[in-house]
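Now for the letters of each chain:
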Amino acid sequence: MRHPSLRLLLAVPLTACGPPQAGEQPIRFAALEAHERIEVYVRSRGCFHDEKASFRFTRRRDGGLDARSSRRDAYAFWKRRARLDTTLPARDAAALDSLLAYYRSPSRGWCTTEEEIAVILFRSGRTVRTERYSDATCPGFTSGTRSIYDIVLTER
């Protein structure tokens with residue numbers, strides 16, 4: 001069965017992709033407003049995994065984020081898709097922004113795990129901006145930057 005996030009990765013128009021252009025504001029979780037949402041799609045492939053995950057973030061009244069996520073490892077075919085709905089405190093918005101800043105920085109690319117990331121900002125239900133990144137640096141191990149899995153899927 002095909003994963004909906006992969007179809008979305010391929011369906012997003014290329015004219016709106018990539019890092020922010022000069023003068024364009026990057027997507028920021030800390031700046032997310034009530035009528036906006038951010039969706040993140042990740043495909044991570046390495047020696048012993050081939051995983052797809054999707055994350056959907058909306059702003060809470062208290063400044064935190066509601067996060068809905070789904071992930072599936074193609075090698076772990078005996079496992080059902082994991083789903084999680086959770087609430088993230090405002091400090092995690094800053095951690096997610098740090099992760100995006102890491103992805104926007106020049107890639108060193110020596111890790112055997114490669115991640116393809118699409119970050120999409122929606123305003124009032126319409127796509128406003130899409131950023132795409134490819135990373136092969138294992139950010140959680142090489143830079144101390146927490147991965148999106150560490151930020152969203154950590155037990156609270």
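In the block above lies the structure referred to throughout.
So, a few notes on the structure that sits alongside this text.

1. A short note on the nonpolar core
1) Next: With 27 residues, the main nonpolar core has Phe29, Val40, Phe55, Phe57 and Ile148 as its most contacted residues.
2) Next: Of all the secondary-structure elements, those providing two or more residues to this core are strand 1 (36–46), strand 2 (49–59), strand 3 (65–73), helix 2 (90–104), strand 5 (114–123) and helix 4 (148–152).
3) Next: Examining the composition of this core, we find that 7 residues originate from one element, helix 2, more than from any other.
4) Next: With sequence-adjacent residues up to four places away left out, Val40 is seen in contact with Phe29, Ala53, Ser54, Phe55, Phe57, Ile117, Ala118, Val119 and Ile148.

2. Some remarks on the pattern of salt bridges
1) Next: One pass over the full model with this rule turns up 8 salt bridges.
2) Next: Between Arg68 and Asp85 there is a salt bridge, and its shortest N-O distance comes to 3.1 Å. Taken together, the residues span a long stretch of sequence, with Arg68 in strand 3 and Asp85 in strand 4 (residues 82–88) at a distance of 17 residues. Taken individually, Arg68 and Asp85 each receive the classification exposed, so the pair is uniform in this respect.
3) Next: Each of Arg60, Asp62 and Asp66 takes part in one network of salt bridges that share partners.

3. Structural notes on the state of the cysteines
By definition, a disulfide links the sulfur atoms of two cysteine residues through a covalent bond.
1) Next: All chains considered together, the criterion is met by 0 disulfides.
2) Next: Here Cys47 stays free of any disulfide, with the sulfur of Cys111 as its closest cysteine sulfur at 8.3 Å.

Rules and cut-offs
- Residues numbered from 1 in each chain as written.
- Predicted model: local features only at pLDDT ≥ 70, side-chain atom pairs only at ≥ 80, totals over all residues.
- Heavy atoms only, no water.
- Core = buried A, V, L, I, M, F, W, Y, C linked by side-chain atoms within 4.5 Å.
- Buried < 20%, exposed > 50% of the residue type's maximum accessible area, 1.4 Å probe, protein only.
- Helix = DSSP H or I, 4+ residues; strand = E, 2+ residues; numbered from the N terminus.
- Contact = heavy atoms within 4.5 Å.
- Salt bridge = Lys/Arg side-chain N within 4 Å of Asp/Glu carboxyl O.
- Disulfide = S-S within 2.5 Å.

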